[in-house]
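# Breakdown of the fold
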Amino acid sequence: MLKFPKLSALCVLFVGLSTTASADKLGIGRAALPEEIAIWNIDVRPDGQGLPKGSGTVADGESVFTEKCASCHGEFGEGNGRWPVLAGGQGTLKSNNPVKTIGSYWPYLSTLFDYIQRAMPFGEAQTLTVDETYSLVAYLLYLNDLMDEDGTLSDENFTEFRLPNEANFMSDPRPDVVTVTQRAPCMKDCKADVRILGRARSLDVTPETED
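Quick look at the structure, then. (Residues numbered from 1 in each chain as written. Predicted model: local features only at pLDDT ≥ 70, side-chain atom pairs only at ≥ 80, totals over all residues. Heavy atoms only, no water.)

Looking only at helices and strands, the protein chain features six helices and two strands. Each helix and strand of the protein chain, ordered N terminal to C terminal, gives the series α-α-β-α-α-α-α-β. By residue count, 27% of the 211 residues in the protein chain fall in the buried class. Taking the contacts inside the protein chain whose residues are at least 6 apart along the sequence as the reference set, 57% of them involve residues at least 24 apart. (Helix = DSSP H or I, 4+ residues; strand = E, 2+ residues; numbered from the N terminus. Buried < 20%, exposed > 50% of the residue type's maximum accessible area, 1.4 Å probe, protein only. Contact = heavy atoms within 4.5 Å.)

The next thing to look at is the state of the cysteines. Within this structure, the stated rule accounts for zero disulfides. Free of any disulfide, Cys-72 has its nearest cysteine sulfur in Cys-69, 8.5 Å distant. Here Cys-186 stays free of any disulfide, with the sulfur of Cys-190 as its closest cysteine sulfur at 5.9 Å. (Disulfide = S-S within 2.5 Å.)

This brings us to the nonpolar core. One finds Phe-65, Ile-116, Leu-140 and Leu-153 to be the most contacted residues of the largest nonpolar core, which totals 28 residues. Secondary structure elements with two or more residues in this core: α3 (58-68), α5 (109-119) and α6 (130-143). Ranked by the residues each element gives to this core, the list is headed by α6, at eight residues. What Ile-116 contacts, discounting residues up to four positions off in sequence, is Leu-128, Thr-133, Leu-136, Val-137 and Leu-140. (Core = buried A, V, L, I, M, F, W, Y, C linked by side-chain atoms within 4.5 Å.)

One can find Ser-110 in helix α5. Classification of Ser-110 by relative accessible area gives buried; the value is 3%. The residues touching Ser-110, leaving out its near neighbours within four places in the chain, are Val-44, Arg-45, Pro-46 and Phe-158.

Working definition: an aromatic ring pair is given by the centre-to-centre distance plus the angle between the planes. Counted under the stated rule, the structure contains six aromatic pairs. Ring geometry for Phe-65 against Tyr-139: centres 5.3 Å apart, planes inclined by 50°, an arrangement best described as tilted. One end of the pair, Phe-65, is in helix α3; the other, Tyr-139, is in helix α6, with 74 residues separating them in the sequence. Here Phe-65 falls in the buried class, since its relative accessible area comes to 1%. Here the aromatic cluster, defined as three or more aromatic residues joined through ring pairs, consists of Phe-65, Tyr-139 and Tyr-142. Above the ring of Tyr-105, the side-chain terminus of Lys-100 is found at 4.8 Å from the ring centroid. (Phe/Tyr/Trp six-rings, centres within 6.5 Å; stacked < 30°, edge-to-face > 60°. Lys NZ or Arg CZ within 6 Å of the ring centre and 35° of its normal.)

In the segment running from Met-120 into Pro-121, the intervening peptide bond is cis, with an omega of -5°. For Pro-121, the position within the fold is in the loop between α5 and α6. The phi torsion at Asp-189 lies on the positive side, around 55°, for a residue other than glycine. Looking at Asp-189, the relative accessible area reads 75%, which means it is exposed.

At a closest axis distance of 10 Å, the pairing of α5 and α6 adopts a crossing angle of 135°. Compared by their axis directions, α5 and α6 come out oblique. Like other packed secondary-structure pairs, α5 and α6 cross with a definite hand, here right-handed. Of the residues in α6, those touching α5 at Leu-109, Leu-112, Phe-113, Ile-116 and Gln-117 are Thr-133, Tyr-134, Leu-136, Val-137, Leu-140 and Leu-141. For the contact of α5 with α6, the per-class residue count stands at nine nonpolar, two polar and no charged. (Axes fitted to C-alpha atoms, helices over the stretch in contact; angles between N-to-C directions. Parallel < 35°, antiparallel > 145°, perpendicular 65-115°, else oblique. Left-handed = near helix turned anticlockwise from the far one by under 90°. Nonpolar A, V, L, I, M, F, W, Y, C, P; charged D, E, K, R; others polar.)

Here you go:
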């Protein structure tokens, strides 16, 4: 029988190094500076916390939308091709073809502001100014009949606007439960055999040809 005494010694060495590394600081890097944290700290909450100072009008939003958004979302938020629809859809959520838009489905206006500020326009994320973002949100409110065409949106009146479907969203009341990674795996009463109960092909979601 072959024996590998050196391998056992290496295992002990690696375990020792791992224990030491987890117990002691490695002396790598430094604490992030406040100005560095500020670059990432741009989330906006439903209560308005995190909103930057600024304002924008529906009229200005229309111009920005036409230039930077309409190629994907359509001139009136109707969506081009398979790009997301942003306006309309009220009263469709219980139908066979629900249209989930800002005015029909979304719960919080802060979600819209946060996403535009963080990820739009597609391919040019975070190139919009604060006022352009407020203007776009104002224009999208207008498209969903939630703001007059001469309206202005700012950090001061932002929380006054509520989306129609907000009441249909609620916090999960269930207590936190232990996740799989936080408990020991069950290693008893295992099934002796494994049976395939369904296949994607039977659900017609698998292409029939390699093309």
